[in-house]
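Descriptive structure summary
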Amino acid sequence: MPNLLSHRRLLSRSLAALALVALGAGLSGCAGMSDTISPAFADPAKYDLYDCKQLETERKSLATRTAELQGLMTKAETGVAGPVVAELAYRNDYIALRGQSKLADEAWQKNRCQEPKPEARPAPVPPSIAPAPVAKGRTKASRPAN
């Protein structure tokens, strides 16, 4: 009987170790998916009917929001449990925005849109220099002769 009990313990420990290895492998697979599945969080037909002006505005707002989220994630990672907070609080939004940005860029290229040219600003006018003020008072003509 004691031999049977030790055999059961060995079997249960082996199963527990196998379960931990399987769990670890499953969770490590999730870590690598974040950048490759970004289009899955965005509607692929969202930008089909946008014109270039609408796409330009949307791309700028997506870029601004993505940069903002990236900054928040970087800031959160400086704390004690920072990486966990950054993943839980911001990662899903960040992935969704990356997917939307990718789809907006694809629509931009499909519509053959071009970046707007920077507005031609007139050259700055240098400040004009006023002539020196004329001294008030006596002049040469009004001076008494010596």
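It should be noted that the structure appears before, not after, this text.
Procedures and definitions
Residues numbered from 1 in each chain as written. Predicted model: local features only at pLDDT ≥ 70, side-chain atom pairs only at ≥ 80, totals over all residues. Heavy atoms only, no water. Helix = DSSP H or I, 4+ residues; strand = E, 2+ residues; numbered from the N terminus. Buried < 20%, exposed > 50% of the residue type's maximum accessible area, 1.4 Å probe, protein only. Axes fitted to C-alpha atoms, helices over the stretch in contact; angles between N-to-C directions. Parallel < 35°, antiparallel > 145°, perpendicular 65-115°, else oblique. Left-handed = near helix turned anticlockwise from the far one by under 90°. Nonpolar A, V, L, I, M, F, W, Y, C, P; charged D, E, K, R; others polar. Expected span 1.5 Å × (residues − 1). Contact = heavy atoms within 4.5 Å. Disulfide = S-S within 2.5 Å. Phe/Tyr/Trp six-rings, centres within 6.5 Å; stacked < 30°, edge-to-face > 60°. Core = buried A, V, L, I, M, F, W, Y, C linked by side-chain atoms within 4.5 Å.

The subject of this paragraph is the overall build of the protein. When helices and strands are counted, the protein shows 3 helices and 0 strands. Written out in order from the N terminus, the α and β elements of the protein read α-α-α. When burial is assessed residue by residue, the protein has 18% of its 146 residues classed as buried.

Running from amino to carboxyl end, helix 2 (residues 52-76) crosses helix 3 (residues 82-110) at an angle of 160°, the nearest separation of the two axes being 9 Å. It follows that helix 2 is roughly antiparallel to helix 3 by the angle criterion. Regarding helix 2 and helix 3, the two cross each other, and that crossing is left-handed. Classifying every residue of the contact of helix 2 with helix 3 by side-chain character gives 15 nonpolar, 5 polar and 6 charged.

Further remarks concern helix 2. Its 25 residues place the ends of helix 2 36 Å apart at the C-alpha level, agreeing with the 36 Å of an ideal helix rising 1.5 Å per residue. Among all positions in helix 2, only Leu-55, Glu-58, Leu-62, Thr-66, Leu-69, Met-73 and Ala-76 are buried. For helix 2, the elements touching its buried residues are helix 3.

For the coordinates displayed, the defined rule picks out 1 disulfide. Put simply, Cys-52 and Cys-113 are joined by a disulfide, and their sulfur atoms are 1.9 Å apart. Residues Cys-52 and Cys-113 are joined by a disulfide whose S-S torsion is about -85°; by sign, that bridge is left-handed. Taken as a pair, Cys-52 in helix 2 and Cys-113 in the segment after helix 3 lie far apart in primary sequence, 61 residues in all. Judged by its relative accessible area of 10%, Cys-113 is buried.

As a further point, take unusual backbone geometry. Within the chain, Arg-112 stands out as a residue other than glycine whose phi angle is a positive 55°. Counting through the fold element by element, Arg-112 comes out in the segment after helix 3. For Arg-112, a relative accessible area of 74% gives the class exposed.

Turning to the side chain of Thr-66, a few remarks are in order. Locating Thr-66 in the fold gives a position in helix 2. Non-local contacts of Thr-66, meaning those with residues more than four positions away in its chain, are made with Tyr-94, Leu-97 and Ser-101.

All chains considered together, the criterion is met by 1 aromatic pair. With 5.1 Å between their ring centres and 85° between their planes, Tyr-47 and Tyr-50 make a pair best called edge-to-face. In this structure Tyr-47 comes out as buried when scored by relative accessible area, which is 2%.

Across soluble globular proteins, you tend to see nonpolar side chains buried next to one another. Among the nonpolar cores identified, the biggest contains 15 residues, and Tyr-47, Leu-55 and Leu-62 are the most heavily contacted of them. Taken together, the elements giving at least two residues each to this core come down to helix 2 and helix 3. The element contributing the most residues to this core is helix 3, with 7 residues.

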